[in-house]
Amino acid sequence: KKIYHCLLNYIFQRHKEVEKILIFIHAAPVKRKRDAFEKGIKETLSEILDKEKLGKEIKYHIQYLPTISSYGLQAVDYCSWALKKKWGEWGEKIDLRPFNCISAKVKSEFEIFKTGKTKYY
């Protein structure tokens, strides 16, 4: 849930004038995992989009799509993979070529779990 909060808060701080939010997610084949994921997203959205805190109500909709049928999800998947290759995560060899293909479109990046002593896996 912490990663959802950090990611969504980061996005909403830069786009304050939104009226409706559409969230597209890969349709996970295991319903149990999909339900846990959706619960975490919904709890985080209710915290971030608190009507009293924002002074207005912002509606959202979560849509599940198979990645193969969504160019947007395919692009997100590629960008995530390119960043993973750039950082050489999980003992992989660092490869900058995929990131170089998208670097002009990347506005910011940071390793959210780099600081601190907790190990995430």
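Structure shown above.
About the criteria used
Residues numbered from 1 in each chain as written. Predicted model: local features only at pLDDT ≥ 70, side-chain atom pairs only at ≥ 80, totals over all residues. Heavy atoms only, no water. Salt bridge = Lys/Arg side-chain N within 4 Å of Asp/Glu carboxyl O. Helix = DSSP H or I, 4+ residues; strand = E, 2+ residues; numbered from the N terminus. Buried < 20%, exposed > 50% of the residue type's maximum accessible area, 1.4 Å probe, protein only. Phe/Tyr/Trp six-rings, centres within 6.5 Å; stacked < 30°, edge-to-face > 60°. Lys NZ or Arg CZ within 6 Å of the ring centre and 35° of its normal.

### Quick look at the pattern of salt bridges
Inference 1: Enumeration according to the criterion identifies 9 salt bridges in this entry.
Inference 2: Between Lys-1 and Glu-43 there is a salt bridge; the shortest N-O distance is 3.3 Å. Highlighted residues: Lys-1 in the segment before α1 (2-14) and Glu-43 in helix α2 (residues 31-48), separated in sequence by 42 residues.
Inference 3: For Glu-43, a relative accessible area of 29% translates into the label partly exposed.
Inference 4: A salt bridge links Glu-92 to Lys-84; the shortest N-O distance between them is 2.7 Å.
Inference 5: Under the relative-accessibility criterion, Glu-92 is labelled partly exposed at 31%.

### Remarks on the packing of aromatic side chains
Inference 1: Inspection of the entire model under this criterion finds 2 aromatic pairs.
Inference 2: For the pair Tyr-4 and Phe-37, a centre-to-centre distance of 5.1 Å together with 80° between the ring planes defines the contact as edge-to-face. Of this pair, Tyr-4 sits in helix α1 while Phe-37 sits in helix α2, and the two are 33 residues apart along the sequence.
Inference 3: Look at Tyr-4 and you get buried, because its relative accessible area is 18%.
Inference 4: Both rings, one in Tyr-78 and one in Trp-81, keep their centres 5.5 Å apart while their planes meet at 55°; by these two values the pair is tilted. Taken as a pair, Tyr-78 and Trp-81 lie in helix α4 (residues 71-87) at a separation of 3 residues, close to a single helical turn.
Inference 5: For Tyr-78, a relative accessible area of 32% corresponds to the partly exposed category.
Inference 6: Of note, Arg-34 hangs over the ring of Tyr-64, and the distance from its end group to the ring centre comes to 5.6 Å.
Inference 7: Positioned over the ring face of Phe-99 is Lys-86, at 4.1 Å from the centre of the ring.

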